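Analysis of the macromolecular model
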Amino acid sequence: MATVEYGKGLRAEYGMHEIWDKNPLMDYVKKFDVPLSEPEQPYSSVYMDGKLFPYVQDDAAAFHAAVFTPEERGHYDRWLRECEALYDETLSGKLTPRLAELQNISFAKWVESLRLPPRVAEFIRLDLECEVATDWNNLSAVYGIQQEEVFLHGAQQCRHARGGNRTIIDAFIKAIRGPKTLGALVTRIARARKPDGSTRAVVYYKKDGVMRSAEAEKVVVTVPYHLLHSIQMEPSLTDEQWRAVDTLIPGGYAVVHFLLDVAANEKLLVGGKIPFPVLTRGPLGVVYGFLEKPAPGRKEEVFTLLVHGDYSRYYLEPRDAVRGRLLAELDKIWPGLPAFVRATYFYGYHPAAIPGWPVGRSPLDGLHASLRAENVGLYLAGDYLYSSHSDGAVRSGRDAADKVAASLATPR
Ligand SMILES: Cc1cc2nc3c(=O)[nH]c(=O)nc-3n(C[C@H](O)[C@H](O)[C@H](O)COP(=O)(O)OP(=O)(O)OC[C@H]3O[C@@H](n4cnc5c(N)ncnc54)[C@H](O)[C@@H]3O)c2cc1C
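Right, let's get into the overall build of the chain. Regarding its fold elements, the chain presents 13 helices and 19 strands. Taking 2.2 N^0.38 as the reference for a compact globule, 412 residues should give roughly 22 Å; the C-alpha atoms of the chain span a radius of gyration of 23 Å, in line with that estimate. If one aligns the C-alpha atoms of the chain with their principal axes, the spans along those axes are about 70 × 55 × 40 Å. With 412 residues in all, the chain has 49% of them scored as buried. Across the chain, the fraction of contacts at a sequence separation of at least 24, relative to all contacts at a separation of at least 6, is 69%.

Given below as structure tokens:
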């Protein structure tokens, strides 16, 4: 979760954007009294066949009626029912025979097998690829179906923290009782089992240029999956655990903020309504634009892009070139918009923003279960334990806490 301030009350996210209704993070947001925005629908406007289909109708049914022909709508609903049935099957946490088959094909192949009209398939692809941050050919159908959760069984709504999502992290920090060390880089974690079966861990960390250590009976490691390699773990993770980590695929995101003259809104609003976010398949990714109209008197606003998949991998390209490309793409959808851009800011995630599960893998497989087991007093937690988003991070954190508590309560 990351929020940036541009002064004069201009603020935008460059990490997590949406908190969905069923995300267990919501429990803490409520508990800590973090003020939230009004709920938003899960469906977004789409840019398909070179045309913008804005979601400015009163409900999703009216939006779908504007995007699809009645026949296409029937196919979309058929796909939703099929997806709901399979999603429900994943809730057991086990790979049933049907799910095991779907784990071995890509999400794209699964959709192809349903023989949907091309525009329906494209719509599904637009909704999915921004969530998984990779091409739908790259991921297993089971993982893709799990990621459809927000659209299933009546769909969920989402919110964000009014003062920026960073305030949620601040609330967590405040809620931690006892000593806490922030802004430290952990480099080594050594553990040993004692004769009575308990464990001892020493965590070495660098803070303010000094190497220090902290001791504990248990340790929970919550770094992103691709940074596990940067910490020496003695003893190491098991071969099975490393295999589970090393066979994940990277989901790519980059966030771009344009500071935009609010006069541009005349071009952007549709019948006075905000059409954002707009899903595109191309260099722009999700055009988050802005989700609220600027306060009266404001001259600038932050216009956000969530670029995803291969388009986000421009680490070695001059930002000026990327900016030019993005502005040219924006100009295709909203002619003249680049003239209103006053400044551009880039935020990248290298080598991965979120984890993904390729064909042959899913969070339900046995390899992944190994990551949830204790390893000599060490527990792993983070989004990659269950999903690729913050709901998985919270779920895994609770799991680890329960296991630590149960273990510490065991009489020796
Ligand atoms: C651009 C973007 C948009 C997203 N949008 C959404 C969204 O809309 N909804 C949603 O639910 N999820 C979203 N996600 C995913 C969500 O942000 C992550 O799933 C979630 O933050 C994962 O939480 P985590 O605690 O596992 O890891 P992180 O949030 O990555 O936290 C890991 C922490 O470990 C720290 N760290 C790393 N190495 C070390 C070390 N050696 N020593 C000490 N500390 C270390 C890092 O600094 C970081 O603070 C988005 C992600 C990105 C990048």
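Here the narrative resumes, following the displayed structure.
Counting residues in hydrophobic clusters, the biggest one holds 81 residues, and the most contacted among them are Tyr 43, Tyr 76, Trp 79, Phe 107, Trp 110, Phe 123 and Leu 380. The leading source of residues in this core is helix 6 (residues 118-132), at eight residues. Counting contributing residues, this core receives three or more from each of domain 1 (45-151) and domain 2 (181-249 + 354-409). Discounting residues that sit within four places of it in the chain, Phe 107 has contacts with Trp 79, Ile 124, Leu 128, Trp 136, Leu 139, Ser 140, Ala 141, Gly 144, Ile 145 and Glu 148. Residues Ala 254, Phe 276, Phe 303 and Val 341 belong to the second largest nonpolar core, which totals 25 residues.

So, about the sheet that holds strand 16 (residues 300-308). Strand order across the open sheet formed by seven strands is 5-4-14-15-16-13-17, with mixed pairing between neighbours. Strands at the two margins of the open sheet, each flanked by one partner only, are strand 5 (51-53) and strand 17 (341-348). Across nine bridges, strand 13 (residues 253-261) lies against strand 16 in antiparallel orientation. The partner of Tyr 253 across the bridge, within strand 16, is His 308. Helix 11 (residues 319-333) contacts strand 4 (45-48), strand 13, strand 16 and strand 17 of the sheet and is inclined by roughly 115° relative to strand 17.

Turning our eyes to something else, we now look at the sheet that holds strand 9 (residues 210-216). Within a sheet, adjacent strands bond to each other through the backbone by hydrogen bonds, running parallel or antiparallel. One open sheet accounts for four strands, arranged 9-8-7-11; its pairing is mixed. At either end of the open sheet lies a strand with only one pairing partner, and these are strand 9 and strand 11 (232-234). Sheet twist, expressed as the mean angle between neighbouring strand axes with direction ignored, is 15°.

The next subject is the state of the cysteines. All told, the structure shown has zero disulfides when counted by the stated rule. Between Cys 83, a free cysteine, and Cys 130, which holds the nearest cysteine sulfur, the sulfur-to-sulfur gap is 14 Å. Looking at the unpaired Cys 130, the closest cysteine sulfur is the one in Cys 158, lying at 11 Å. For Cys 130, a relative accessible area of 10% translates into the label buried.

Time to look at the site of the ligand. Surveying the vicinity of the ligand reveals 25 residues, the closest of which are Glu 18, Val 186, Asp 383, His 389 and Ser 390. Within the backbone of Val 186, an N or O atom sits 2.8 Å from a nitrogen atom of the ligand. A distance of 2.6 Å separates an oxygen atom of the ligand from a polar atom in the side chain of Ser 390. Breaking the shell around the ligand down by element, the ones donating at least two residues are strand 7 (185-193), strand 13 and helix 13 (390-409).

Okay, the pairing of strand 8 (residues 199-207) next. Relative to strand 8, strand 7 is paired through eight bridges, and the arrangement is antiparallel. Paired with Arg 193 across the bridge in strand 8 is Thr 199. Following strand 7, the chain reverses through five residues before pairing antiparallel with strand 8; Gly 197 in that reversal takes a positive phi of roughly 95°. For strand 8 and strand 9, the ladder comprises seven bridges, and the chain directions are antiparallel. Its bridge partner being in strand 9, Tyr 204 is matched across the sheet by Ser 213.

A separate point is the packing of helix 3 (residues 70-90) against helix 6. At a minimum axis distance of 9 Å, the contact between helix 3 and helix 6 shows a crossing angle of 45°. Between helix 3 and helix 6, the interaxial angle falls into the category oblique. Both helix 3 and helix 6 take part in a crossing whose hand is right-handed. Where helix 3 approaches helix 6, its residues Glu 72, His 75, Tyr 76 and Trp 79 are matched on the opposing element by Arg 119, Val 120, Phe 123, Ile 124 and Asp 127. Grouping the amino acids of the contact of helix 3 with helix 6 by side-chain chemistry returns five nonpolar, one polar and three charged.

Before going further, it helps to spend a moment on the packing of aromatic side chains. Tallied over the entire structure, the rule returns 22 aromatic pairs. An angle of 20° between the planes, with centres 4.6 Å apart, marks the rings of Tyr 55 and Phe 63 as stacked. The same class applies to Tyr 55 and to Phe 63, which are both buried. Ring centres of Tyr 314 and Phe 346 lie 5.9 Å apart, and the angle between their planes is 80°; this geometry places the pair in the edge-to-face category. Placement of the pair is Tyr 314 in the loop between strand 16 and helix 11 and Phe 346 in strand 17, with a sequence separation of 32 residues. Here Tyr 314 falls in the buried class, since its relative accessible area comes to 6%.

Conventions and cut-offs
Within each chain, residues carry numbers counting from 1 in the order of the written sequence. Local features in this predicted model are restricted to residues of pLDDT 70 or higher, and side-chain atom pairs are both shown and tallied only at a pLDDT of 80 or more, whereas totals for entire chains, interfaces and linings draw on every residue. Computation of side-chain values: all heavy atoms of the structure, hydrogens and water removed. Only DSSP runs of H or I reaching four residues or more are called helices, and only runs of E reaching two or more are called strands; each is numbered from the N terminus. Throughout, radius of gyration means the C-alpha value; the globule benchmark is 2.2 Å times the number of residues raised to the power 0.38. Each residue is assigned to one of three classes by its accessible area relative to the maximum for its type, calculated with a 1.4 Å probe on protein chains only: buried under 20%, partly exposed between the two thresholds, exposed over 50%. Two residues form a contact once any of their heavy atoms are found within 4.5 Å. Side-chain atoms within 4.5 Å link the members of a nonpolar core, which is a set of buried Ala, Val, Leu, Ile, Met, Phe, Trp, Tyr and Cys residues. Boundary definitions for the domains trace back to an automatic or database domain assignment. Paired strands, in this sense, are two strands between which DSSP finds at least two bridges. Inter-axis angles, ranging from 0 to 180 degrees, are taken between N-to-C directions of lines fitted to C-alpha atoms, where helices are fitted over the stretch in contact. Any cysteine sulfur atom paired with another within 2.5 Å is treated as part of a disulfide. Throughout, the term near means that a residue has one or more heavy atoms lying within 4 Å of the molecule or strand in question. Whenever a nitrogen or oxygen atom comes within 3.5 Å of another N or O atom, the pair is scored as a polar contact, on the condition that within protein one atom can donate a hydrogen and the other can accept it, and that pairs from neighbouring residues in sequence are kept only if both atoms are in side chains. The labels follow the angle: roughly parallel below 35 degrees, roughly antiparallel above 145, roughly perpendicular from 65 to 115, and oblique for the rest. Here a crossing is called left-handed whenever its near helix is offset anticlockwise from the far helix by less than a right angle, and right-handed whenever the offset is clockwise. Classification convention: Asp, Glu, Lys, Arg as charged; Ala, Val, Leu, Ile, Met, Phe, Trp, Tyr, Cys, Pro as nonpolar; all other residues, Gly among them, as polar. Stacked, tilted and edge-to-face pairs are distinguished by plane angle, under 30 degrees for stacked and over 60 for edge-to-face with tilted covering the rest, among Phe, Tyr and Trp rings (Trp via its six-membered ring) whose centres lie within 6.5 Å.

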